[in-house]
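# Residue-level structure breakdown
The chain contents come next:
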Amino acid sequence: MTQADTRPEKIWPGTAVSSGVAHAVVHVMKDDFDEPDEDPILPEDVESDLARWHKALEVTRVEIEALQKVMADEQGGSEADIFEAHLLILHDNSILKQVEKTVREKLICVDAVYYRLMCKHMDALRGLADSYLRERFLDIKDITHRVMRHLRGEMLQHPMFDDPVIIIAHDLTPSDTVQLDRSKVLGFALETGSANSHAAIIARSLALPAVVRLHNICDELHSGDPVLLDGDEGLLIFNPSAATLAKYRSREEQSDAREDALLVTRHQPSVTTDGYVVNVSANAEFIEEMAAIRDSGAEHVGLFRTEFLHLENPDGSEDWLADCYTQAVKAMSPGEVIFRTLDIGGDKVDPNMNVAAEPNPFLGWRGIRVSLGMKDLFRKQLRALLRAAAHGRVGIMFPMVCGVEEVRAARALLDECATELRREGHAVPEEISIGAMIEIPSAALSADLIATEVDFLSLGTNDLTQYTLAVDRLNERVADLYQPTHPSVLRLIEMTVTAARKAGIRVCICGEMASDIEITPLLIGLGLNELSVASGQVARLKHAIRKLDATECQTLAADIMQLGSAPEILAKSRMSAIQQYPELFV
Ligand code: PEP
Ligand code: MG
């Protein structure tokens, strides 16, 4: 830990995307390296540690000189001079001496010593009005990042942590998340992101507090700094004072008492006062969540996002996959696990696929398009799912379908895999429910056609909202326009429910909108009979459903569908929710 104790408390406001509070030291993930922890070294390891650092300095020198040459050839003298300044910083004698001395005397790994010293220089220059000095700050930052990258290895996996940490990063992609030692992560504080990014969704699934839009936080904090992360109010508090900690302790006691009261009834069915049954199931990304899901009161798993297992081990064999899926199925038995086939693409990029960068990934090669384009990968997954189905109830659904042909093509491949497996002597049950996700407007508009081909529909409202409104779900600049209660989104939901009803099949919402208790009266009024949410939300949602009258909800929904704007709709549904279950709004 640094000498944080003497520094005053400081609060940064951001946007809360996953509730809860965590108090721990931070681990800072830079774009191209993770900030080093102050790991101790043995006296006999000092020389090899310093040699490693000298090698990194040397590789950095070669890299900068090469850049300098390219610049000089392309643009002549002045631009190349910038690199002269970089080389001077790299070879600064006082820095070199200070680092060696500290490593020898304090026996701390050179990564941390060098990084902390460079940060001290940067901190002294950052925020100065003088533009020349601010440029020097950027020079030091650039050099430090280069050396750190070489010191820690370009392809470094994120480290395992000895103690619990709060992760600080610019952004957290799904592939970053799978590499983290999640058993030690207590929360996420990110510079960018939105409530609908997968980092936020995962935080909610794992019941970890998360705050986004904490601009420049990666430069303000260093690994080892103590913070309190407040995922309810959206605050990050550096070095919280005793008074702040006491305030949070008492708040936590009150909220624990409220949660405990909800948990008492979590295993009871969720039926409205007039007898309408609404199944509440849970969303999952990792097998380790199954125990929490079972304990949450969820009837089953309504959405298992299989991308995360894939990203953990992209070359995993069919046997390995079948084993993972089987573990999930057994853990939920006799409940069903609905696995969504791979939804790679968009923000869930698999770096191993070596796919050329796309100008517009959310409108590109994603979901079922990738699966139908990479048949071997798809077959491996389908075969593994069918094998897992021998051990419990499995549902399979296809993501990002834009019409009925893709559903037919995917089903045909599934049937082929089942025949193949049976021929090989595997037991494959006849009854496996097959579903399609409705998350593209074209799929909602042709839901009646799709409904005749499947056993259930599942509305992916995170994407349905972004595609209907042409609002990138990750783009904070247009976040205010991301409105799941927009009349157009609700009409597509209504259309999908009607199609499912006509075909006599189940219809669920598994997007984040399902857990928003302000709109539960509206969703029930629209005829949804299943909602799939993060496990931490299950007890609360079941409680809300038990307080509602489905017939009244239908009248409310009919009125709401006449309204013209998302805020009006939200306000009306919210008012009804507050009347029916005010205890959930304290
Ligand atoms: C959705 O789009 O609502 C959904 C559940 O899928 P994802 O969030 O993984 O895209
Ligand atoms: Mg989706």
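Quantities reported herein were computed from a predicted structural model and do not represent experimental measurements.

With that settled, the discussion passes to the coordination of the magnesium ion (ligand 2). The magnesium ion (ligand 2) binds to the protein through E439 (OE) and D463 (OD), with metal-donor distances spanning 2.0 to 2.1 Å. Of the two residues, E439 sits in the loop between strand 13 (433-438) and helix 16 (441-445) while D463 sits in helix 18 (residues 461-469), which places them 24 residues apart along the sequence. You'll find E439 and D463 in the same group, each marked buried.

Moving on: helix 3 (residues 93-106). Here helix 3 contains 14 residues, and its C-alpha end-to-end distance of 20 Å stays within 8% of the 20 Å for a straight helix at 1.5 Å per residue. What helix 3 keeps buried is the set I95, V99, T102 and V103. The buried residues of helix 3 occupy one face: seen down the axis, they fall within an arc of 95 degrees. Structural note: helix 3 exposes N93, S94, K97 and E105 on the side pointing more than 90 degrees away from its buried face. Count one or two residues on from helix 3 and you reach L107, which has phi positive near 55 degrees.

A few words on the domain arrangement of the chain. Under the domain assignment used here, the chain contains domain 1 (3-30 + 158-256), domain 2 (43-151) and domain 3 (274-563). For domain 1 versus domain 2, the distance between C-alpha centres works out to 29 Å. Facing five residues of domain 1, the contacting portion of domain 2 comprises seven residues. Taking both sides of the interface into account, the surface hidden between domain 1 and domain 2 amounts to around 530 Å²; carbon and sulfur atoms contribute 42%. A per-residue breakdown of the area domain 1 buries against domain 2 is headed by K30, D219 and H222, which together make up 79% of the total. For D219, the salt bridge identified is with K141, shortest N-O distance 3.1 Å.

We now examine the pairing of strand 5 (residues 185-190). Burial analysis of strand 5 places five of its six residues in the buried class, which makes it a mostly covered element. Across five bridges, strand 4 (residues 165-169) lies against strand 5 in parallel orientation. Residue pairing for strand 5: I167 is matched across the bridge by F188. Between strand 4 and its parallel partner strand 5, the chain crosses via helix 6 (residues 174-179), and the hand of that crossover is right-handed. Here two bridges tie strand 5 to strand 6 (residues 210-212), and the two strands are oriented parallel to one another. What sits directly across from A189, in strand 6, is V211.

Evaluated as defined, the whole model comprises 44 salt bridges. For E416, the salt bridge goes to R379, with nearest N and O atoms at 3.3 Å. Of the two residues, E416 is situated in helix 15 (residues 404-423) and R379 in helix 14 (residues 375-388); the sequence distance between them amounts to 37 residues. Owing to a relative accessible area of 42%, E416 belongs among the partly exposed residues under this scheme. Linked through salt bridges whose partners overlap, the residues forming this network are E318, D319, R379, R383, R387, E416, E420 and E424.

Using the criterion set out here, one finds four cavities of 30 Å³ or more in the structure. Approximately 80 Å³ is the volume found for the largest cavity. Breaking the lining of the largest cavity down by element, the ones donating at least two residues are helix 12 (318-332) and helix 14. Across the lining of the largest cavity, the residue classes tally to six nonpolar, four polar and one charged.

Below, the discussion takes up the side chain of D343. With respect to the helices and strands, D343 occurs in the loop between strand 11 (337-340) and helix 13 (368-373). Its relative accessible area of 0% is what places D343 among the buried residues. Within the local environment of D343, its side chain forms a polar contact with the side chain of R366, the two groups lying 2.8 Å apart. The residues contacting D343, other than those within four sequence positions of it, are E307, K348, R366, G367, P399 and M400.

One open sheet accounts for eight strands, arranged 1-8-7-3-4-5-6-2; its pairing is mixed. The strands lining the two open edges of the sheet, one partner per strand, are strand 1 (10-13) and strand 2 (15-18). Looking at each pair of strands side by side, their axes are set apart by 30 degrees on average, direction ignored. Where strand 2 lies against strand 6, three bridges are found, and the strand directions are antiparallel. Bridge pairing in strand 6 places S18 opposite A210. The strands touched by helix 9 (residues 242-263) are strand 3 (21-29), strand 7 (226-230) and strand 8 (235-238); relative to strand 7, the strand with the most contacts, the crossing angle is about 35 degrees.

What follows covers the packing of helix 12 against helix 14. Their axes nearest at 8 Å, the elements helix 12 and helix 14 cross at an angle of 40 degrees. Relative to helix 14, helix 12 is oriented oblique. Helix-helix and strand crossings are classified by hand; for helix 12 and helix 14 the assignment is right-handed. Across the interface between the two elements, E318, D319, L321, A322, Y325, T326 and V329 from helix 12 touch K380, Q381, R383, A384, L385, R387 and A388 from helix 14. Of the residues belonging to the contact of helix 12 with helix 14, the class tally is seven nonpolar, two polar and five charged.

In this section: helix 4 (residues 110-125). Between its terminal C-alpha atoms helix 4 stretches 23 Å, which fits the 22 Å expected from 16 residues at 1.5 Å a residue. Looking only at helix 4, the buried set comprises V110, D111, A112, V113, Y114, Y115, R116, L117, M118, C119, M122 and L125.

Within the closed barrel, the eight strands sit side by side as 9-10-11-12-13-14-15-16. Their pairing is parallel. For this sheet, the mean angle separating the axes of adjacent strands, direction not counted, is 25 degrees. Note: strand 11 against strand 12 (residues 394-398), four bridges, orientation parallel. Looking at the pairing, R340 lines up with M397 of strand 12. Along the sheet, helix 21 (residues 538-546) makes contact with strand 9 (279-284) and strand 16 (530-533), crossing strand 9 at roughly 160 degrees.

Parameters at a glance
Residues numbered from 1 in each chain as written. Chains lettered and ligands numbered in written order. Predicted model: local features only at pLDDT ≥ 70, side-chain atom pairs only at ≥ 80, totals over all residues. Heavy atoms only, no water. Donors = N, O, S within 2.8 Å, 3.2 Å for Na, K, Ca; no water. Helix = DSSP H or I, 4+ residues; strand = E, 2+ residues; numbered from the N terminus. Buried < 20%, exposed > 50% of the residue type's maximum accessible area, 1.4 Å probe, protein only. Expected span 1.5 Å × (residues − 1). Arc of directions from axis to C-beta. Domains from an automatic or database assignment. Contact = heavy atoms within 4.5 Å. Buried area = accessible area lost by both parts, 1.4 Å probe. Salt bridge = Lys/Arg side-chain N within 4 Å of Asp/Glu carboxyl O. Pairing = 2+ DSSP bridges. Right-handed = clockwise from strand over helix to strand, strands pointing away. 1 Å grid on protein atoms, 1.4 Å probe; cavity = no way out; pocket = protein on both sides within 12 Å on 5 of 7 lines; lining within 4 Å. Points joined across faces, edges and corners; volume = space filled by probe spheres on them. Nonpolar A, V, L, I, M, F, W, Y, C, P; charged D, E, K, R; others polar. Polar contact = N/O pair within 3.5 Å; in protein donor to acceptor, adjacent residues only side chain to side chain. Axes fitted to C-alpha atoms, helices over the stretch in contact; angles between N-to-C directions. Parallel < 35°, antiparallel > 145°, perpendicular 65-115°, else oblique. Left-handed = near helix turned anticlockwise from the far one by under 90°.

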